[in-house]
Structures are given as structure tokens and as C-alpha cells.
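Report on the structure
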Amino acid sequence: MKKSKILPLSFYQRSTELVARELLGKKLCRKLSNGKVLSGYIVETEAYVGLLDKACHGFGGRKTPRTQVLYENGGIAYIYFIYGMYYCLNVVSSKKNHPEAVLIRALEPCDNVDWMKDKSQNSINEKKILNGPGKLCKVLDIDKGLNTHDLTQNPLWIEKGKDIKSEAIVSSPRINIGYAEEWIERPLRFSVKDSPYISVKIKEAK
DNA sequence: TTCCCGATTTACT
DNA sequence: GTAAATCGGGAAA
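Description of the structure in this document. (Residues numbered from 1 in each chain as written. Chains lettered and ligands numbered in written order. Predicted model: local features only at pLDDT ≥ 70, side-chain atom pairs only at ≥ 80, totals over all residues. Heavy atoms only, no water.)

1. Quick word on the overall build of chain A
When you go through chain A residue by residue, the secondary structure sums to 4 helices and 9 strands. Listed N to C, the secondary structure of chain A is α-α-β-β-β-β-β-α-α-β-β-β-β in terms of helices and strands. Taken against the 2.2 N^0.38 rule, which gives 17 Å for 206 residues, the C-alpha radius of gyration of chain A at 16 Å falls within 12% of a compact globule. The principal-axis extents of the C-alpha atoms in chain A amount to approximately 45 × 45 × 35 Å. Classification of the 206 residues of chain A by burial places 48% in the buried group. When contacts within chain A are restricted to residue pairs at least 6 apart in sequence, those whose partners lie at least 24 apart make up 60%. (Helix = DSSP H or I, 4+ residues; strand = E, 2+ residues; numbered from the N terminus. Rg over C-alpha atoms; globule rule 2.2 N^0.38 Å. Buried < 20%, exposed > 50% of the residue type's maximum accessible area, 1.4 Å probe, protein only. Contact = heavy atoms within 4.5 Å.)

This is the structure:
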């Protein structure tokens, strides 16, 4: 029995910023009901760090049916519906009773790229198939049914992928959280430097 | 129960 | 650059 490439639950049960940073380069895999496996390397994430973070759904200890999953132990999926038409995939991190998670914002396509191009109706440019949290969920067929799913199990899991050097990781402010006041500028977004697959271009520091 | 608004994407001016 | 699409969750009443 060969050693599993799937990341263990202990990987997720650490500080959220660390998990967000180290998820870069990892391989997100999704097995469809027809048996086909789609995958991509994670190139962009954002950390949502719970109680004090005004951008986090669990801010201030808010606890509702939807955010319940954020309070669980790390290693499971938190999927929510936004703007009436899109889903976003998050990885719950940290320990029980800490409402923290990492938003997966963009992937570099890996397996079954042609199938994904078809699905996204963007058959020309593979750089734009998975470059956004709403888009990657649509293409990978991720919806509420996978909420609370264990990310070490079929049909959605994360494996070891490419090695990303720490010099190749850049942090920047998060996207579209204009309501979060002093948290808007916090550099909790992590991405692979110069990757053509990220969602929103990073503002250059002058 | 009602009302407001969003961790987005796409199309248009 | 800005706006429209579109609906469930959360807060208020």
C-alpha cells in the first residue's frame, strides 16, 4: 500500500493564515458522479479568521445554521451561496469552536482540462476556467450538497501538489469585502507570484 | 414575516 | 468604468 498523497486532517487544524499559505500549490481533486476526476493546483486563497474578522461569517461569535460548520474542527468543506447565483468553496481550518476558514479563489487546471473548458463554456482560454471562486465551483460541480464534506474523502479532496517556494508567495488585501472596515486592507489573501491563473490582478505597490 | 444585502460574474456604456 | 442578474441568510420587528 503506497503512502497516501492526501493531506491529513492535522494539516488543516493549525493557524488559518498558515493553512491558507500552505494550500498554494496543493492539488484540489473532484470526482464526478460519472467517475471522471477533475483537478487543479490551488494558486489563490484568502484567510477568514473568525471572531475578530469583520469579513468572516463567524464574526463576533455569530452562530447560525449556515455558519455552524465553521466552528467544527478543520479539514471539512464550507460551501455557501452568494449573490443568488454562485457557490464558494472554503476549507474550514483551526480547531473546534474557532470559526475560521480559507476561501479557495482560483485554480490552475490540471486533469481533464478539455472537459472543464467545455463545462465553463470558455474553450479558448484555459487560464480563465477556474480563476474565481464562483466559477471554479460551477466547473467542478460543487454545491451545497458538499457542505461539511470531509476533505480527506471522495468525491472531493486535496492532495500534495507542486512545491511553491516561499519567495513565490505574495500576500495582498482580500477581494470584495468593502463592508469589513479596518479589515479591508489586511493582507490575508495569498497567491502564487506571477501566476496567470489568479482571479483579480494584484495592485502593484509603488 | 419582512426587508436588506452580499467572500461574484458578465455584459455593457 | 458601472450595472444587472437573482435568492438565501441574517437581523429586525
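Next, the rest of the story.
2. Section: the protein's contact with DNA strand C
Surveying the vicinity of DNA strand C reveals the residues Arg62, Thr64, Arg66, Thr67, Phe81, Tyr83, Gly84, Met85 and Lys144. Expressed as a percentage, the sugar and phosphate content of the atoms of DNA strand C within 4 Å of the protein is 75%. Note that a phosphate oxygen of DNA strand C is positioned 2.7 Å from one of the side-chain N or O atoms of threonine 64. With respect to DNA strand C, the side chain of arginine 66 contributes an N or O atom lying 3.1 Å from a sugar or linking oxygen. Across the surface near DNA strand C, the residue classes break down as 3 nonpolar, 3 polar and 3 charged. (Near = heavy atom within 4 Å. Polar contact = N/O pair within 3.5 Å; in protein donor to acceptor, adjacent residues only side chain to side chain. Nonpolar A, V, L, I, M, F, W, Y, C, P; charged D, E, K, R; others polar.)

3. A few points about helix α3 (residues 113-120)
Val113, Met116 and Lys117 are the residues of α3 that are buried. The arc enclosing the buried residues of α3, seen along the axis, measures out at 105°, which places them on a common side. Residues of α3 that are exposed and point more than 90 degrees away from the buried face comprise Asp114 and Asp118. Buried residues belonging to α3 abut β2 (37-49), β5 (100-109) and α4 (133-139). Looking one or two residues past α3, glutamine 121 carries a phi angle of roughly 55°, positive in sign. (Arc of directions from axis to C-beta.)

4. Side note on the environment of asparagine 73
Within the element layout of this structure, asparagine 73 appears in the loop between β2 and β3 (77-82). A relative accessible area of 33% places asparagine 73 in the partly exposed class. Measuring from C-alpha to C-alpha, the distance between asparagine 73 and valine 92 comes to 7.3 Å, with 19 residues separating the pair along the chain. Residues within four places of asparagine 73 in sequence aside, it is in contact with Gln13, Val92, Ser94, Lys95 and Lys96. Within the structure, asparagine 73 has its side chain in polar contact with the backbone nitrogen of lysine 96 (distance 3.0 Å).

5. Let's talk about the pattern of salt bridges
Taken as a whole, this structure holds 11 salt bridges when the rule is applied. Glutamate 181 is paired through a salt bridge with lysine 54; the nearest N and O atoms lie 3.1 Å apart. Taken together, the residues span a long stretch of sequence, with glutamate 181 in the loop between β8 (169-172) and β9 (189-192) and lysine 54 in the loop between β2 and β3 at a distance of 127 residues. Here lysine 162 and glutamate 108 are joined by a salt bridge, their closest N and O atoms 3.1 Å apart. (Salt bridge = Lys/Arg side-chain N within 4 Å of Asp/Glu carboxyl O.)

6. Looking at the protein's contact with DNA strand B
Around DNA strand B, a shell composed of 19 residues is seen, among which Tyr80, Asn90, Gly132, Asn176 and Tyr179 lie nearest. Of all DNA strand B atoms lying within 4 Å of any protein atom, the proportion belonging to sugar or phosphate reaches 54%. Separating a phosphate oxygen of DNA strand B from a side-chain N or O atom of tyrosine 179 is a distance of 2.3 Å. Those elements giving two or more residues to the surface near DNA strand B turn out to be β3, β4 (86-92), β5 and α4. Element by element, the count of residues in the surface near DNA strand B is highest for α4, at 3 residues. Within the surface near DNA strand B, the residues separate by chemical class into 11 nonpolar, 6 polar and 2 charged.

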